[in-house]
Amino acid sequence: MVINYIDIVNGFEAKRFNFDSGFNEIYSKENSRGKSTLLRILLHSLGYQIPATTGFKNFDKLVTKTEITRDNKNIIIERSGPNIKLTIDNQNFNYIVPTELSELHSMIYGIDDALILDNLLATYYIDQDKGWTLLNRGKIIGNNRFNIEDFITGLSEKDVSNIYLQIEQTETELKKYKFLLETAKYKKDLEHNDNFVQTTTEELKKLQKDKTLLLYQKNDIEKSIKDVEKIIETNSGFINWIEKMQLSIKTENGNPIKITRNNILNYEDNQTYLVARKRSLSLELTKVNNQILRIEKKLEDHNTLFDIRSIADEMDETIRNMNIDYHKINSIVNELAKKKKDLKKQLDEIFASNNHFLEDIFNDVKKYSKIFGIDNRIPNDIKFILTRKLKGFSGKVLNQLTFSFKLAYINQIKKKYNLNLPIIIDSLKNGELTDLATDDMLKVLQEDFSKHQIIIASVYKYDICKNLIIIKNYLLEE
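Here, residues in each chain are numbered from 1, in the same order as that chain's written sequence. For this predicted model, a pLDDT threshold of at least 70 governs which residues receive local features, and a threshold of 80 or more governs which side-chain atom pairs are given and counted, while totals over whole chains, interfaces and linings are taken from all residues. With hydrogens and water stripped out, all remaining heavy atoms of the structure feed into the side-chain values.

Novice: Any details on the overall build of the protein chain? Residues and values, ideally.
Specialist: Secondary structure counts use DSSP, requiring at least four H or I residues in a row for a helix and at least two E residues in a row for a strand, with both numbered from the N terminus. The helix and strand inventory of the protein chain stands at 13 helices and 15 strands. All radius of gyration figures rest on C-alpha atoms, and the globule criterion is 2.2 Å times the number of residues raised to 0.38. The C-alpha radius of gyration computed for the protein chain amounts to 37 Å, which surpasses the reference 23 Å derived for 478 residues by more than 25%, pointing to a less compact arrangement than a globule. Counting over 478 residues, the protein chain shows a buried share of 42%. Contacts are assigned to residue pairs with any non-hydrogen atoms lying within 4.5 Å of each other. Within the protein chain, counting contacts between residues at least 6 apart in sequence, those at least 24 apart form 68% of the total. In the structure as shown, the protein chain presents an accessible area of about 27300 Å², 49% of it carried by carbon and sulfur atoms. Charged residues are defined narrowly, with Lys and Arg counted positive, Asp and Glu counted negative, and His plus the chain ends left uncounted. A single reference atom marks each charge: NZ on Lys, CZ on Arg, CG on Asp, CD on Glu. With 71 positive and 69 negative side-chain charges, the protein chain shows a spacing of 1 Å between the two charge centroids. Here the term buried applies to any residue with accessible area under 20% of the maximum for its type, exposed to any over 50%, and partly exposed to those in between, with areas from a 1.4 Å probe on protein chains only. Per-residue and other accessible areas were derived by the Shrake-Rupley procedure at a 1.4 Å probe size, with only the shown protein chains allowed to occlude residues.

Novice: Can you lay out the packing of aromatic side chains for me, pointing to particular residues and giving the numbers?
Specialist: Note on ring pairs: Phe, Tyr and Trp rings are taken, using the six-membered ring of Trp, and paired if centres are within 6.5 Å. Classes follow the plane angle, with under 30 degrees stacked, over 60 edge-to-face and the rest tilted. Within the structure shown, the criterion is met by ten aromatic pairs. Between Phe-151 and Tyr-409, the aromatic rings sit 5.3 Å apart at their centres with planes inclined by 65°, giving edge-to-face as the arrangement. Note that Phe-151 is positioned in helix α5 (residues 148–156) and Tyr-409 in helix α12 (residues 395–417), a separation of 258 residues in sequence. Across this residue pair, the class does not change: Phe-151 and Tyr-409 are buried. With centroids separated by 6.1 Å and ring planes inclined at 75°, the aromatic side chains of Phe-405 and Tyr-409 adopt a geometry described as edge-to-face. Of this pair, Phe-405 and Tyr-409 both sit in helix α12, four residues apart, roughly one helical turn. Given a relative accessible area of 0%, Phe-405 falls into the buried group.

Novice: So, the pairing of strand β14 (residues 454–458): which residues are in play, and what are the values?
Specialist: Among the five residues that make up β14, five are buried, leaving the element largely enclosed by the rest of the structure. Every second residue of β14 is oriented toward a common face, with Ile-454, Ile-456 and Ser-458 on one face and Ile-455 and Ala-457 on the other, all of them buried. Relative to β14, strand β3 (residues 23–27) is paired through five bridges, and the arrangement is parallel. From the neighbouring strand, Glu-25 faces β14, where its bridge partner is Ile-456. Between any two strands, at least two bridges found by DSSP are needed for them to pair. Where strand β13 (residues 423–426) lies against β14, four bridges are found, and the strand directions are parallel. Looking across to β14, one finds that Asp-426 is bridged to Ala-457.

Novice: Hey, could you go over helix α13 (residues 435–448) for me, with residue numbers and the actual values?
Specialist: Taking 1.5 Å of rise per residue, 14 residues should cover 20 Å, and α13 covers 20 Å from first to last C-alpha, within 8% of that figure. Within α13, burial applies to Ala-437, Thr-438, Met-441, Leu-442, Val-444 and Leu-445. Buried residues of α13, seen end-on, are gathered within an arc of 150° and therefore sit on one face of the element. Residues of α13 that are exposed and point over 90 degrees away from its buried face: Leu-436 and Glu-447. Expected helix span is computed as 1.5 Å times (number of residues minus one). The arc refers to the directions leading from the helix axis to the C-beta atoms.

Novice: I'd like a rundown of the sheet that holds strand β15 (residues 467–470), residues and numbers included.
Specialist: One open sheet accounts for five strands, arranged β8-β13-β14-β3-β15; its pairing is parallel. Either end of the sheet is taken by a strand with one partner, and the two such strands are β8 (125–126) and β15. As paired elements, β3 and β15 share four bridges and run parallel to each other. Bridge pairing links Ile-26 to Ile-469 in β15.

Now the structure itself:
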């Protein structure tokens with residue numbers, strides 16, 4: 001698979017970036033000129049949800065067109081916001097991402113397995129921020145993640161969905177009981193607190209109850225006033241409309257009589273009644289408001305004599321009255337934690353036993369680690385590929401170990417799907433790597449991945465990169 005070019009349109013600015021099938025370098029003398037932005041837009045154009053950089057803020061406002069070649073087929077990918085048009089052999093396919101991301105990537109990469117597609121980005125892209133420390137689990141960039149168990153499940157086609165489901169259910173239960181355990185601990189602390197003071201009095205309760213009832217009454221009166229006002233306004237509007245229409249009625253002797261508010265029976269009486277009703281309700285509202293003010297004054301006076309319980313105090317009392325058995329909940333938490341640990345161990349055993357994919361990955365990691373001179377840091381156990389313990393790995397060792405894992409993943413994709421993925425690296429030489437270490441990594445790429453397209457972003461020029469994309473001041477500069 002080779003990325004041939006990408007067209008980027010941002011308003012009135014547009015530019016094409018061409019790539020070679022071999023080694024490519026996106027270069028600028030200084031940082032913050034657009035190297036990482038170009039890589040991110042490239043991934044965005046392939047349908048991924050990628051966080052924008054400071055210069056663009058929102059990639060969805062861009063229009064991109066990317067051409068890739070896979071299996072001697074040219075694939076055109078045109079993206080505008082969430083809408084993507086894919087063209088293969090003059091056939092058009094339309095997708096909306098992220099909803100139809102798996103379907104889109106299946107067409108781009110020629111892979112049908114959803115688990116592999118979900119984890120594919122981490123195999124060939126190394127982000128300058130998180131990419132150099134991600135071995136087998138975690139976020140690659142944005143919300144794009146990688147999980148070694150999912151990746152190997154996809155490769156080996158082993159169904160471990162039931163174990164995953166049990167782990168997920170156990171984790172949910174564990175969260176609940178851990179919360180209850182913390183509450184039970186707090187309850188124990190409260191029970192040893194001898195300074196608890198009951199501050200709510202019957203008088204205070206009665207005042208608060210009376211105020212609540214008056215507030216309900218006030219709300220009903222205000223609603224009634226609004227209803228009366230609406231009727232008065234409606235009646236007035238209706239009679240004005242009738243008078244504007246200049247309607248007449250014919251009497252028994254045939255004489256016409258023009259209809260006005262003065263000759264409509266009971267109109268004025270009704271309006272007078274409604275106005276009087278509104279006045280009566282307003283007086284009643286004033287009375288209720290005065291009663292509320294008097295109660296609020298009493299409550300304020302009460303606060304000078306008694307401490308009013310805060311929300312925290314009320315919460316404490318609620319917790320005191322809860323029937324929580326600390327020892328029983330603690331036992332449940334321990335059981336769930338053990339169950340989760342056993343399930344993950346069971347998962348690791350399934351992967352480790354008779355799984356040639358896991359073994360192949362381990363052998364590749366050992367091979368490249370030996371080239372980098374860090375193989376002595378790796379235990380001779382294929383379960384190391386599933387490790388969750390990264391303590392002891394840092395700096396140059398962690399960077400080169402991460403690189404070894406990535407190359408091993410890429411090899412598995414090549415063997416399983418006959419697909420040579422491009423290798424995209426943001427900032428090959430970061431602050432942790434020496435020139436010699438970087439040279440070793442480039443040498444491995446040159447010798448073992450010569451059939452792969454390599455795209456590197458860096459402020460250091462590498463002679464191995466024959467296609468140099470230079471960014472002087474900003475990305476879309478002509």
